[in-house]
Amino acid sequence: MKFSEKLKKLRQEHNLTQDDLAEKIYVTRTAISKWETDNGYPSIESLKMLAKLFNVTIDQLISDEDIKNKEDLELKNSKINHYIALGGLGISIVCIICLFFVKSAIWFGVVTGLAILGACLYFAFTQLALTYYKDKKLSKKQQTYNKFREILSAILIFLVLFTVVRNI
């Protein structure tokens with residue numbers, strides 16, 4: 001039985017609504033709903049509170065299938081973050097190129113803002129994508145790629161700032 005099914009069954013056996021359970025373990029009802037529909041997983045702290053509340057062990061709450069599902073969800077989120085980061089990189093590169101051709105002060109400000117936004121998106125979402133991989137044993141190729149991404153983040157932010165300062 002999956003975690004989501006176990007949680008719903010235990011909650012119903014204890015005559016608790018999702019709101020009641022959420023209040024008892026200090027989370028939102030939406031979180032409980034996500035857990036029960038297999039769209040998310042609780043933190044370790046929430047698992048401890050659930051186990052204590054329902055008088056079961058954490059091992060009884062989760063199964064091997066749940067652990068695999070959580071890893072799959074983390075990998076999926078990491079990939080989404082990676083694609084958002086690449087989008088930010090693309091926005092920044094296009095805006096940096098455009099800054100050399102923009103003559104209007106208003107458009108220069110708009111394009112500069114977009115370039116900075118793209119650089120920030122790239123930097124932030126690259127870091128979010130790397131969070132999943134930092135706990136895993138990576139090959140030399142993956143480690144090199146991750147270092148490259150971090151260096152590229154720094155270069156991109158430098159280029160945006162350099163272009164802005166140069167044109168002011």
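Residues numbered from 1 in each chain as written. Predicted model: local features only at pLDDT ≥ 70, side-chain atom pairs only at ≥ 80, totals over all residues. Heavy atoms only, no water.

Enquirer: Please clarify how the packing of helix H2 (residues 18–25) against helix H3 (residues 29–36) should be interpreted in this entry.
Expert: Angle between the axes and distance between the axes: these two values describe a pair of packed helices. The geometry of H2 relative to H3 is characterised by a closest axis approach of 8 Å and an angle of 110° between their N-to-C directions. Considered as vectors, H2 and H3 are oriented roughly perpendicular to each other. Note on packing geometry: the crossing formed by H2 with H3 is right-handed. For the pair formed by H2 and H3, the contact residues are Gln-18, Asp-19, Leu-21, Ala-22 and Ile-25 on the first element and Arg-29, Ile-32, Ser-33, Trp-35 and Glu-36 on the second. Considered class by class, the residues forming the contact of H2 with H3 number five nonpolar, two polar and three charged. (Axes fitted to C-alpha atoms, helices over the stretch in contact; angles between N-to-C directions. Helix = DSSP H or I, 4+ residues; strand = E, 2+ residues; numbered from the N terminus. Parallel < 35°, antiparallel > 145°, perpendicular 65-115°, else oblique. Left-handed = near helix turned anticlockwise from the far one by under 90°. Contact = heavy atoms within 4.5 Å. Nonpolar A, V, L, I, M, F, W, Y, C, P; charged D, E, K, R; others polar.)

Enquirer: What should I look at first to understand the pattern of salt bridges in this one?
Expert: Close approach of charged atoms allows side chains with opposite charge to pair. The tally for this structure, following the rule as stated, stands at four salt bridges. Across the salt bridge formed by Lys-9 and Glu-13, the nearest N and O atoms sit 3.7 Å from each other. Of this pair, Lys-9 and Glu-13 both sit in helix H1 (residues 3–13), four residues apart, which is roughly one turn of that helix. Its salt-bridge partner being Glu-45, residue Lys-48 comes within 3.5 Å of it at the nearest N-O pair. In this pair, Lys-48 and Glu-45 are both assigned in helix H4 (residues 44–54), three residues apart and thus about one turn of the helix distant. A residue is classified by how much of its surface remains accessible, and Lys-48, at 44% relative accessible area, is partly exposed. (Salt bridge = Lys/Arg side-chain N within 4 Å of Asp/Glu carboxyl O. Buried < 20%, exposed > 50% of the residue type's maximum accessible area, 1.4 Å probe, protein only.)

Enquirer: Would you mind showing me how to read H4 here?
Expert: Turn by turn, an α-helix covers 3.6 residues, leaving residues three or four places apart pointing in a common direction. For H4, every residue scored as buried is listed here: Ser-46, Leu-47, Leu-50, Ala-51 and Phe-54. Across the axial projection of H4, the buried residues extend over an arc of 135°, all falling on one side. In H4, the exposed positions angled more than 90 degrees off the buried face are occupied by Ile-44 and Lys-52. Along its buried surface, H4 packs onto H1, H2, H3 and helix H5 (58–61). Asn-55 occupies a position one or two residues after H4 and carries a positive phi of about 55°. (Arc of directions from axis to C-beta.)

Enquirer: Where do I start with the environment of Ile-32 in this structure?
Expert: With respect to the helices and strands, the residue Ile-32 is situated in helix H3. Relative accessible area serves as the criterion here: at 0%, Ile-32 is assigned to the buried category. For the pair Ile-32 and Ser-4, spaced 28 residues apart in the sequence, the C-alpha separation amounts to 9.3 Å.

Enquirer: Explain the state of the cysteines here, please?
Expert: The bond known as a disulfide is covalent and runs between the sulfur atoms of two cysteines. In this structure the tally under the stated criterion is zero disulfides. Cys-95 takes part in no disulfide bond, and the closest cysteine sulfur, belonging to Cys-98, lies 6.1 Å away. Exposure remark for Cys-95: the relative accessible area of 8% places this residue in the buried category. Using a relative accessible area of 33% as the deciding quantity, one classes Cys-98 as partly exposed. (Disulfide = S-S within 2.5 Å.)

Enquirer: When you look at a nonpolar patch on the surface in this model, what are you seeing that I'm missing?
Expert: Where nonpolar side chains cluster on the molecular surface, the patch consists of Ile-91, Ile-106, Trp-107, Val-110, Leu-114 and Leu-117 and spans about 600 Å² of accessible area. A per-element tally of the nonpolar patch places helix H7 (residues 105–134) first, with five residues. Note on placement: Val-110 falls in helix H7. (Patch = residues over 30% accessible without salt bridge, like charges linked within 9 Å, V, L, I, M, F, W, Y side chains within 5 Å. Areas by Shrake-Rupley, 256 points an atom, 1.4 Å probe, with all protein chains shown as cover.)

Enquirer: Where do I start with the nonpolar core in this structure?
Expert: Generally speaking, soluble globular proteins have nonpolar side chains that are buried together. If you look at the biggest cluster of nonpolar residues, it comprises 15 residues, and the most contacted ones within it are Phe-3, Leu-7, Leu-21, Trp-35, Leu-50, Phe-54 and Leu-61. For this core, the secondary-structure elements that each account for two or more residues are H1, H2, H3 and H4. When residues in this core are grouped by element, the largest group, four residues, is from H4. Judged by nonpolar contacts, the second largest core, of 13 residues, contains Ile-96, Phe-108, Ala-115 and Ala-119. (Core = buried A, V, L, I, M, F, W, Y, C linked by side-chain atoms within 4.5 Å.)

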